Amino acid sequence: MEEKEGKTLFTIAIYSEHCVGIINQVAIIFTRRCLNIEDFTASPTTIEGVHKLTLTVWSDRATMEKTVKQIEKRIDVLKAYLYTEDEIFYQEIALYKIDTSKLLKEQHLETIIRHHNARILDIAPEYTVMEKSGQPWETQALLDQLKPYGVKQFARSGRVCVTKSPLEKLDNYLELQKLREMRLQ
């Protein structure tokens, strides 16, 4: 588990209906608690109409557990889960743009790109775009090695993750909700 100044990096997976304003509703909860969101991604899930928001935050467990409970009170949120790094598989993707002329002149650049298992997406006369997926330290390591050669642009995605659990927690939760609904009828 990664720690910084006595705090742990937590990953929060929020499952919600696909609706306008959900990101703002979630951001307000973090703002009120003076928590800084390190990274954020949103994507559809395998369930029609359900999206997954993934955030990372440095904090302590007690604060994060309260925050997750507060998030779950939002009408459009189906369920939210709190994870530490040892409970999930996660990756990010990074894009790097460098001068093509430097790539052709500097023989070390090709070695660096191969060493980091980066993939060249486009080679234009003015620039070359590369992609690297991996852990944050891996995408940062490639950036650090490319900097002396002049990185024109750099962009890194937020964390995407799946749990190490053999069962999808959201599926279990939704099944329980259906059972409760049937009992009430």
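Quick caveat: nothing in here was measured; it's all calculated off a predicted structure. (Residues numbered from 1 in each chain as written. Predicted model: local features only at pLDDT ≥ 70, side-chain atom pairs only at ≥ 80, totals over all residues. Heavy atoms only, no water.)

**Focus: the packing of aromatic side chains**
Part 1: For the structure on display, the rule yields 3 aromatic pairs.
Part 2: With 5.2 Å between their ring centres and 45° between their planes, Tyr96 and Phe154 make a pair best called tilted. Highlighted residues: Tyr96 in strand β6 (residues 88-99) and Phe154 in strand β9 (residues 151-156), separated in sequence by 58 residues.
Part 3: Through successive ring pairs, a cluster of aromatic residues spans Tyr15, Tyr81 and Tyr83.
Part 4: In this structure, Lys164 packs its charged tip against the face of Phe89, placed 5.3 Å from the ring centre. (Phe/Tyr/Trp six-rings, centres within 6.5 Å; stacked < 30°, edge-to-face > 60°. Helix = DSSP H or I, 4+ residues; strand = E, 2+ residues; numbered from the N terminus. Lys NZ or Arg CZ within 6 Å of the ring centre and 35° of its normal.)

**Focus: a positive patch on the surface**
Part 1: A contiguous patch of positive charge, built from Arg33, Lys66, Lys69 and Lys73, is present on the exposed surface.
Part 2: The residue Lys73 is located in the loop between α2 (61-72) and β5 (77-83) in this model. (Patch = residues over 30% accessible without salt bridge, like charges linked within 9 Å, V, L, I, M, F, W, Y side chains within 5 Å. Areas by Shrake-Rupley, 256 points an atom, 1.4 Å probe, with all protein chains shown as cover. Salt bridge = Lys/Arg side-chain N within 4 Å of Asp/Glu carboxyl O. Lys, Arg positive; Asp, Glu negative; His and termini not counted. Charge placed at Lys NZ, Arg CZ, Asp CG, Glu CD.)

**Let's talk about the side chain of Gln25**
Part 1: One can find Gln25 in helix α1 (residues 22-32).
Part 2: By relative accessible area, Gln25 is classed as buried at 18%.
Part 3: For Gln25, the side chain forms a polar contact with the side chain of Arg74, separated by 3.2 Å.
Part 4: Non-local contacts of Gln25, meaning those with residues more than four positions away in its chain, are made with Arg74 and Asp76. (Buried < 20%, exposed > 50% of the residue type's maximum accessible area, 1.4 Å probe, protein only. Polar contact = N/O pair within 3.5 Å; in protein donor to acceptor, adjacent residues only side chain to side chain. Contact = heavy atoms within 4.5 Å.)

**Digging into helix α4 (residues 107-115)**
Part 1: For α4, the complete set of buried residues consists of Leu109, Ile112 and Ile113. Projected down its long axis, α4 carries its buried residues within an arc of 100°, all on one side. Turned more than 90 degrees off the buried face of α4, the exposed positions are Gln107, His108, Thr111, Arg114 and His115.
Part 2: Where α4 is buried, its residues contact β6, α3 (100-105), β8 (127-134) and α5 (136-146).
Part 3: In the stretch just after α4, Asn117 is the one whose phi turns positive, near 55°. (Arc of directions from axis to C-beta.)

**Considering the environment of Asp171**
Part 1: Assignment of secondary structure puts Asp171 in helix α6 (residues 169-184).
Part 2: Distance from Asp171 to Tyr149, taken between C-alpha atoms, is 48 Å for residues 22 residues apart in sequence.

Keep in mind these values describe shape, not function.
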